[in-house]
Amino acid sequence: MTWVGLVIALLGALGYALGAALQQYEAVAEGASFSLMKRPRWWIGGIIGFTGACLHAVALSFAPLVAVQPISVATLVFAVPLAAFMYGRKPYKAEIFGSIAVAVGLLWLMLLVPEHNVKPSLSTPAALVFVGVIGTIVLITHLASRRASGPAKALLLSIGAGATTASVSTFVRVVGGGMDGDFGKLLHWFTLAIPVLLICAVMLLQHSYAVGYFGIAYAGVQVVDPITSVLAGAIMLGEPLPTSPGTAIPAIAAAALTIAGTITLGRLAPDHSKKPPAAPIPAPVPATAAADLD
């Protein structure tokens, strides 16, 4: 049933990309604040993105993390042009090439991971340690972002958002993949952790989008999310990692391509949805005052 999960994951990823582009536009215009709740387009983007996330969760019930997570990477080549369209412009060549480089590099890297569908099992102590590690990553990146600006700030915030999103995927994989038709297994704190972590991920995403560098923010999430998920799957769920020496050189090349694409996206100018205010028109000089100046 792995192929079913991959098809569902692709549909979910496309929805997630469209939702992200809509929400980023609103976050830049309004800022990452509760005032976003008054923006209908932000809600539309949220609904589309949530639908995509739900499809992603369903996909994880049919296929392992190492098979599903790379699918979301391919949407990077769609998300960036969608965001450009929101601003009424054509995508920059650097956006296209950078997005393709990140998508191809990360997809290549993920394909080196051997597929092996094992039943996920996670103990409570291991889960608490995992949540603690994710929380530490979020705290460090959030504090560091306060001292940063521009693409560096967007990237730092996206790292925290990507790590949190990966934790959602991991818990969904554990709950969905280990259910085996027994809905009674949903009565576990793992199930309650999923919406809480999801809300945290959404908040972090809005802060990374609000900086204005959609390409670097979205790429950061798409890179950190699958890598963190694959590591979590390997360390905690027993999913395999590539161990053949022959995969080392391709892995290095794929990582280099991903890094180069991320740097390219980071060098782009930020998007702004609001036009700069027009220069004030000077007040007309009274005729008497003008005569006095002569």
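To be clear, the structure that these remarks concern was listed above.
These remarks concern the structure in this document. Predicted model, so just to flag it, every value in this text is computed and none were measured. (Residues numbered from 1 in each chain as written. Predicted model: local features only at pLDDT ≥ 70, side-chain atom pairs only at ≥ 80, totals over all residues. Heavy atoms only, no water.)

Let us now look at a nonpolar patch on the surface. Together, Ile-96, Phe-97, Ile-100, Val-104, Trp-108 and Leu-257 make up an exposed nonpolar region whose accessible area comes to about 520 Å². With five residues, the single largest contributor to the nonpolar patch is helix α5 (residues 93-111). Structurally, Ile-100 can be placed in helix α5. (Patch = residues over 30% accessible without salt bridge, like charges linked within 9 Å, V, L, I, M, F, W, Y side chains within 5 Å. Areas by Shrake-Rupley, 256 points an atom, 1.4 Å probe, with all protein chains shown as cover. Salt bridge = Lys/Arg side-chain N within 4 Å of Asp/Glu carboxyl O. Helix = DSSP H or I, 4+ residues; strand = E, 2+ residues; numbered from the N terminus.)

Turning to helix α6 (residues 124-145), a few remarks are in order. The end-to-end C-alpha distance of α6 is 31 Å, a good match for the 32 Å that 22 residues give at a rise of 1.5 Å each. All of the buried residues in α6 are Ala-127, Phe-130, Ile-134, Val-138, Thr-141 and Ser-145. Taken down its axis, α6 places every buried residue within 75 degrees of arc, on the same side. Facing away from the buried side of α6, by more than 90 degrees, are the exposed residues Pro-125, Leu-128, Val-129 and Ile-140. (Expected span 1.5 Å × (residues − 1). Buried < 20%, exposed > 50% of the residue type's maximum accessible area, 1.4 Å probe, protein only. Arc of directions from axis to C-beta.)

The tally for this structure, following the rule as stated, stands at three salt bridges. Here Arg-39 and Glu-26 are joined by a salt bridge, their closest N and O atoms 2.5 Å apart. Here Arg-39 is found in the loop between α1 (2-30) and α2 (40-62), whereas its partner Glu-26 is found in helix α1, with 13 residues between them in sequence. For Glu-26, a relative accessible area of 2% gives the class buried. Between Glu-95 and Arg-89 there is a salt bridge; the shortest N-O distance is 3.0 Å. Residue class for Glu-95 comes out buried when judged on its relative accessible area of 7%. Through salt bridges with shared partners, a single network forms among Glu-26, Arg-39 and Arg-41.

Its volume calculated, the largest pocket comes out at about 1,000 Å³. Forming the boundary of the largest pocket are 43 residues, of which Gln-23, Leu-198, Ala-201, Val-202 and Leu-205 lie nearest the centre. Elements with a minimum of two residues in the lining of the largest pocket: α1, α2, α7 (150-177), α8 (189-210) and α9 (214-236). Take the lining of the largest pocket: its biggest share by element is 13 residues, from α2. Residue composition of the lining of the largest pocket, grouped by class: 27 nonpolar, 15 polar and one charged. (1 Å grid on protein atoms, 1.4 Å probe; cavity = no way out; pocket = protein on both sides within 12 Å on 5 of 7 lines; lining within 4 Å. Points joined across faces, edges and corners; volume = space filled by probe spheres on them. Nonpolar A, V, L, I, M, F, W, Y, C, P; charged D, E, K, R; others polar.)

Next up on the list: the nonpolar core. Counting residues in each nonpolar core, the largest one holds 59 residues, and the members touching the most others are Leu-122, Phe-171, Phe-190, Tyr-209, Phe-214 and Tyr-218. Counting five residues, the second largest nonpolar core, distinct from the first, contains Tyr-25, Val-28, Met-86 and Tyr-87. (Core = buried A, V, L, I, M, F, W, Y, C linked by side-chain atoms within 4.5 Å.)

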